Amino acid sequence: MKKVVAVVTSPRKNSNSEILADAFLKGAGEAGNETEKIRFSDHNIGFCLACNWCRSHDGVCVQRDDMNPLLLKLLEADVIVLASPVYKSCVSGQLKTFADRMYAINPKLTGVDFYFIASAGSADLDGAMRDMEGIIHIYKNVRNAGRIYGRGLSGPGEAFDSPAYEEAYQMGKGC
Ligand SMILES: Cc1cc2nc3c(=O)[nH]c(=O)nc-3n(C[C@H](O)[C@H](O)[C@H](O)COP(=O)(O)O)c2cc1C
């Protein structure tokens, strides 16, 4: 049994990237894995202060917001799913903020399979996928294990009718 954690970063209700992340988690759960979803919008998470306090404090962040307990969840995970809407051809500011705070555990996070999920109004998700590659680039012994492209999804909820939904479900089953 693996621990599968999805980081979901769209601020809106019935979000396409969240629907695809839920499909992934559904598949992963049905395959016998333990699943958990972290919704950025449910938490108080500030910007990285670049103070490097974490480097002399075993990966603990100096800020007393919600991030330290979430970092512990990431360190316990075997699989981490990053899910984001495409904003201005990039990942969401929320995912970037979350990823910057993962700096605290750069030296510690290892042995994880990462999956990327993005949704966009257009068919062009290359910028966001590149951003996600950049986010995991620093970690040792991690795998870029799979990607879900939610193309042509504008309004909330459209992901339910997208081929990406079944792809995400099957990818979760096999993760
Ligand atoms: C601020 C903003 C910027 C956006 N930028 C793009 C973009 O550059 N390219 C694109 O294809 N869609 C863009 N979109 C559309 C979203 O990517 C699309 O609606 C997506 O399905 C949202 O995912 P979500 O439902 O998970 O929030 C943008 C939407 C917003 C609100």
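Placed above this text is the structure.
Residues numbered from 1 in each chain as written. Predicted model: local features only at pLDDT ≥ 70, side-chain atom pairs only at ≥ 80, totals over all residues.

The number of helices and strands found in the protein is 5 helices and 5 strands. When the elements of the protein are put in sequence order from the N terminus, they spell out β-α-β-α-β-α-β-α-β-α. Taking 175 residues into account, the globule formula puts the C-alpha radius of gyration at 16 Å, and the protein, at 15 Å, falls close to it. Each of the three principal axes of the protein carries a C-alpha extent, and together these read 50 × 35 × 25 Å. Burial statistics for the protein: of 175 residues in total, 41% are counted as buried. In the protein, once contacts between residues fewer than 6 apart in sequence are set aside, the share between residues at least 24 apart is 78%. (Helix = DSSP H or I, 4+ residues; strand = E, 2+ residues; numbered from the N terminus. Rg over C-alpha atoms; globule rule 2.2 N^0.38 Å. Buried ≥ 20, exposed ≤ 12 C-beta atoms within 10 Å, placed from the backbone. Contact = placed C-beta atoms within 7 Å.)

Residues Gln94, Leu95, Phe98, Ala99 and Arg101 constitute the buried set of helix H3 (residues 93-101). Axial view of H3: buried residues confined to an arc of 160°, hence all on one face. Elements that come into contact with the buried residues of H3 comprise strand S1 (3-8), helix H2 (67-76), strand S3 (79-85) and helix H4 (126-136). (Arc of directions from axis to C-beta.)

Bringing the site of the ligand into the picture now. Neighbouring residues of the ligand: 19 residues in total, closest Ser10, Ser17, Pro85, Ala120 and Ser122. The element contributing the most residues to the shell around the ligand is helix H1 (residues 16-30), with 3 residues. Looking at the shell around the ligand residue by residue, the classes come out as 6 nonpolar, 9 polar and 4 charged. (Near = placed C-beta within 6 Å. Nonpolar A, V, L, I, M, F, W, Y, C, P; charged D, E, K, R; others polar.)

As a further point, take the nonpolar core. Counting 50 residues, the largest nonpolar core has Leu20, Phe24, Val81 and Ile117 as the members making the most contacts within it. With 7 residues, H1 is the single largest residue contributor to this core. (Core = buried A, V, L, I, M, F, W, Y, C linked by C-beta atoms within 7 Å.)

Turning to the environment of Ser84, a few remarks are in order. Here Ser84 shows up in strand S3. Ser84 sits 10 residues away from Gln94 along the chain, and the two C-alpha atoms are 8.4 Å apart. Ignoring any residue separated from it by four or fewer positions in sequence, one finds Ser84 in contact with Thr9, Ser17, Val91, Ser92, Leu95, Ala118 and Ala128.

Functional significance is not addressed by these values, which are geometric in nature.
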